[in-house]
Amino acid sequence: MGIRRLVPRFNTRVVVYDSGSEGVAVKAVQRMQALGYSQVYVLRGGTAAWAAAGRVLFQGVNLPSKTFGELVELHLGTPHITAQELAQRQARGDNLVVLDGRPLSEFAKMNIPGGICCPNGELALRIGQMAPDPNTTVVINCAGRTRSIIGAQTLINMGIPNPVLALKNGTQGWYLVDLPLEHGNRRRHPLTPPEEDLSARRAQASALAQRHGATMVTAPEVRSWLQATDRSCFVLDVRTPEEFAQGSLAGAQSAPGGQLLQATDQYVGVRGARLVLVDDDGVRAPVVASWLRQMGWQAHVLQDGVRAHLDAIPVARQPAPISHATPLSVAEAARRQQAGQLTVLDLRASFAYRTAHLPGSVWSIRPQVVAQLQSMKLAADLAVLLVADEPDVAHLAALDLTEAGYGPVHLLEGGLQAW
């Protein structure tokens, strides 16, 4: 479940809040206490009380990481290029390559014409493959600003000989000056790592990590950190999701390096935690650790990476959510829906819902499922079908619905892919 990934230690002090009048925070605390968390609190009055006390409320997502990216450009003077300048240089046939620092899923939605997907966490390892000619200008882009800045500055910090530029305002800036974008591409960096310059890259990455205080730690040290009851420790595999799927340290979390830097709050939920980064090449983890150190995290690199003898990462006992959702096959779901015997709630991310969803389904989020059905004024005994990427989310939503008197509640067998 999400909370166990973000807050792995059950005695961590956790403060939960909502607007102050929704009741969602209280429900969340109850669920966390049922899972075994012992120091969970509700912020009295929520965001309304926070604002009334003269405190600042922020808008947007991943603000710590994005703010850091802006500060990097301010303090280091990361060079940039505008969309118009890049388009002119492409039209002239200049010796340049455009590397998109976002994950492939984002790249496939839209990309700068001719761009190649090479997420920021891969740049330091693969730049020799992507721009073997030292005279090639390397342009890093993202959707907006900060990943372009961090990607470009990563290569500059590594000391590569190529000219490096960040595309100002990314694909958004490109679109806003009426330049065409490409869609549906899956061009990406080579999946096999380079061998000819790997030792040199390792030396550069190690020096960069040391410069910013990211130390190399041994497996016994990390084992002692993981067993500590007074401080949290996260083991983060910064390789690609495909590499992680082929095998990693037992209990490690997949945290592709570029996204870990861009959205650290989506991987680590505890301030002051130890972060242990692993890879299999000795390049990616040190480079990412150097940035995390500058962001204020106590990041370290595990010696031998995914080949270390760390044993299974200890995970405290976690009660499974009481399942009130019974599986329903695609054929039976389609039959019942056509007969008007089923209400379908989609609990996936809003973008995933906009991309594709079951006919007649309604998008919702787990804390709001009861209010959603109440607003629809449906009969309490009408069957509900939940569509979710994470079964635990669906089971908790089913628990909420059952407690509110709705049911029966079903979970679509195989999810949207099966449909």
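The structure reproduced in this document is the subject of the present report. (Residues numbered from 1 in each chain as written. Predicted model: local features only at pLDDT ≥ 70, side-chain atom pairs only at ≥ 80, totals over all residues. Heavy atoms only, no water.)

### Thoughts on the sheet that holds strand β13 (residues 325-328)
The test is simple: Pairing between strands requires that DSSP locate at least two bridges from one strand to the other. Helix numbers and strand numbers start at the N terminus; a helix is a DSSP run of H or I with at least 4 residues, a strand a run of E with at least 2. In this analysis, two residues are considered to be in contact whenever any of their non-hydrogen atoms come within 4.5 Å of each other. Geometry is summarised by axes, namely lines fitted to C-alpha atoms with helices restricted to the contacting stretch, and by angles between N-to-C directions that run from 0 to 180 degrees.
Strand order in the open sheet formed by 5 strands is β13-β17-β16-β14-β15, and the pairing between neighbours is parallel. Pairing within the sheet leaves two strands with one partner each, and these edge strands are β13 and β15 (362-363). Examined bridge by bridge, strand β14 (residues 342-346) and β15 share 2 bridges and lie parallel to one another. The residue of β15 that forms the bridge with D346 is W363. Those strands touched by helix α17 (residues 369-376) are β14, β15 and β16 (383-387), and its axis lies near 135° from that of β14.

### Some thoughts on the pattern of salt bridges
Close approach of charged atoms allows side chains of opposite charge to pair. Note the cut-off: When a carboxyl oxygen of Asp or Glu is within 4 Å of a side-chain nitrogen of Lys or Arg, the pair counts as a salt bridge. With a 1.4 Å probe rolled over the protein chains alone, any residue whose accessible area is under 20% of its type maximum counts as buried; one over 50% counts as exposed, and the rest are partly exposed.
Evaluation of the coordinates by the stated rule reveals 22 salt bridges. The closest approach of N and O atoms between R284 and E122, which form a salt bridge, is 3.0 Å. Placement of R284 in helix α14 (residues 284-294) and of E122 in helix α7 (residues 120-130) is noted, with a sequence separation of 162 residues between them. The class for R284 is buried, based on a relative accessible area of 1%. In this structure, the salt-bridge partner of R188 is E242, at a minimum N-O distance of 3.1 Å. Of this pair, R188 sits in the loop between α9 (170-176) and α10 (198-211) while E242 sits in helix α12 (residues 241-245), and the two are 54 residues apart along the sequence. Its relative accessible area of 36% is what places E242 among the partly exposed residues. Each member of the salt-bridge network shares a partner with another, and the members are E122, R126, D237, R239, E243, D280, D281 and R284.

### Things to note about the nonpolar core
Here is the rule: We call a set of buried residues a nonpolar core when its members are Ala, Val, Leu, Ile, Met, Phe, Trp, Tyr or Cys and they connect through side-chain atoms within 4.5 Å of each other.
One finds L236, L260, L275, L277 and L292 to be the most contacted residues of the largest nonpolar core, which totals 36 residues. Take this core: its biggest share by element is 5 residues, from α14. The next biggest cluster of nonpolar side chains, apart from the first, holds 22 residues, and it includes L99, C118, V138 and L198.

### Looking at the sheet that holds strand β10 (residues 253-254)
Backbone hydrogen bonds are what pair the strands of a sheet, in a parallel or an antiparallel way. The parallel open sheet is built from 5 strands, whose spatial order is β8-β12-β11-β9-β10. Of all strands in the sheet, those with a lone pairing partner are β8 (215-217) and β10, marking the two edges. Pairing geometry for strand β9 (residues 233-237) and strand β11 (residues 274-278), over 5 bridges, is parallel. Each bridged residue has a counterpart across the sheet, and for C233 the counterpart in β11 is R274. This element, α14, spans β8, β11 and β12 (298-302) of the sheet and lies at about 170° to β12.

### What about unusual backbone geometry?
Of note in the backbone geometry, N62 takes a positive phi value of approximately 55° without being a glycine. Relative to the helices and strands, N62 resides in the loop between α3 (46-52) and α4 (63-76). Within the chain, D304 stands out as a residue other than glycine whose phi angle is a positive 75°. Looking at the secondary structure, you find D304 in the loop between β12 and β13.

### Focus: helix α15 (residues 330-338)
Definition in use: Summarising the geometry, the arc corresponds to the directions from the helix axis toward the C-beta atoms.
Along α15, the positions that sit buried rather than exposed are A333, R336 and Q337. The buried residues of α15 occupy an angular sector of 100° when projected down its axis, which confines them to one face. Seen from the buried face of α15, the exposed residues on the opposite side, beyond 90 degrees, are A331 and Q338. Looking at the buried positions of α15, the neighbouring elements they touch are β13, β14, β16 and β17 (409-412). One or two steps after α15, the chain reaches G340, where phi turns positive at roughly 75°.

Interpretation in functional terms is not warranted from these geometric data alone.
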